[in-house]
Amino acid sequence: MVRWAAPDELAGLISVELAADKLFEQAGIVFPAGTTMVEDVTDATSVLVEGDPPAGFALIGRVDGNLHLDQLAVHPDHMRQGIGGRLVEAVADHARAVGAPAVTLTTFRDVPWNAPWYERHGFAVLPEAEWGPELRALVEHERELGIEVAPRVVMRR
């Protein structure tokens, strides 16, 4: 069952994110050091989790008035059980509940469990001409961090 994270669960989510990030090595993608997102979270009300202890999480924020999926991570030991899909649906439900017109995210275009997976969950590539100023700044920030180590896209649902 998807629920909001408890403050004392945040530290444990770092290992979930790091384990999920290791999977990208199969696609030839190695992230620069220091790019985990959940370790910077101080407000548990921005993190949805599933499992006890959590096996996956969705970190959300606001970008250009939309809900933005900053990070979705499922521990590899718990993948292919629908956790990611349930987390994405919970994010979409939360967006509707708070009146956000859409959910946006940035992801790798050619990694099977990234853009193609999100397309199967109702997302479509958002052309650059439709990016708002905050989304544009976010993409530029990701580039500066060195995350764009393979082609990335912005998507919206």
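Residues numbered from 1 in each chain as written. Predicted model: local features only at pLDDT ≥ 70, side-chain atom pairs only at ≥ 80, totals over all residues. Heavy atoms only, no water.

A few words now on the sheet that holds strand 1 (residues 2–4). The seven strands are arranged 1-2-3-4-5-7-6 in an open sheet whose pairing can be described as mixed. Each having just a single partner strand, strand 1 and strand 6 (124–125) make up the two edges of the open sheet. Note that strand 6 and strand 7 (residues 152–156) share two bridges and pair antiparallel. Within strand 7, the residue paired with V125 across the bridge is M155. Contacting strand 1, strand 2 (47–51), strand 3 (54–63), strand 4 (66–74) and strand 5 (103–108), helix 2 (residues 83–97) crosses the sheet at an angle of about 165° to strand 4. (Pairing = 2+ DSSP bridges. Helix = DSSP H or I, 4+ residues; strand = E, 2+ residues; numbered from the N terminus. Contact = heavy atoms within 4.5 Å. Axes fitted to C-alpha atoms, helices over the stretch in contact; angles between N-to-C directions.)

Quick look at the environment of A55 now. By secondary structure assignment, the location of A55 is in strand 3. According to the relative accessible area criterion, A55 is buried, its value standing at 7%. Expressed as a C-alpha distance, the spacing of A55 and V74, which sit 19 residues apart in the sequence, is 5.9 Å. (Buried < 20%, exposed > 50% of the residue type's maximum accessible area, 1.4 Å probe, protein only.)

So, on to the packing of aromatic side chains. Per the counting criterion, the structure on display carries four aromatic pairs. Here the aromatic rings of F24 and F108 are separated by 5.6 Å at their centres, their planes lie at 55°, and the arrangement is tilted. Of this pair, F24 sits in the loop between helix 1 (10–22) and strand 2 while F108 sits in strand 5, and the two are 84 residues apart along the sequence. For the pair formed by F24 and F108, the shared burial category is buried. (Phe/Tyr/Trp six-rings, centres within 6.5 Å; stacked < 30°, edge-to-face > 60°.)

Formed by 23 residues in total, the largest nonpolar core has its most connected members in L69, L72, V91 and Y118. Looking at this core, the elements with two or more residues in it are strand 3, strand 4, helix 2, strand 5, helix 3 (115–120) and strand 7. A per-element tally of this core places helix 2 first, with six residues. If we ignore the near neighbours within four places in the chain, the residues touching L72 are F57, A58, G84, L87, V88, W117 and Y118. In this structure, A5, L13, A20 and V47 belong to the second largest nonpolar core, which totals 13 residues. (Core = buried A, V, L, I, M, F, W, Y, C linked by side-chain atoms within 4.5 Å.)

On to the side chain of E50. Secondary-structure assignment places E50 in strand 2. Reaching out from E50, the side chain makes a polar contact with the side chain of R86 at a distance of 2.6 Å. When sequence neighbours within four positions are dropped, the list of residues in contact with E50 reads M1, V2, A55, G56, I83, R86 and L87. (Polar contact = N/O pair within 3.5 Å; in protein donor to acceptor, adjacent residues only side chain to side chain.)

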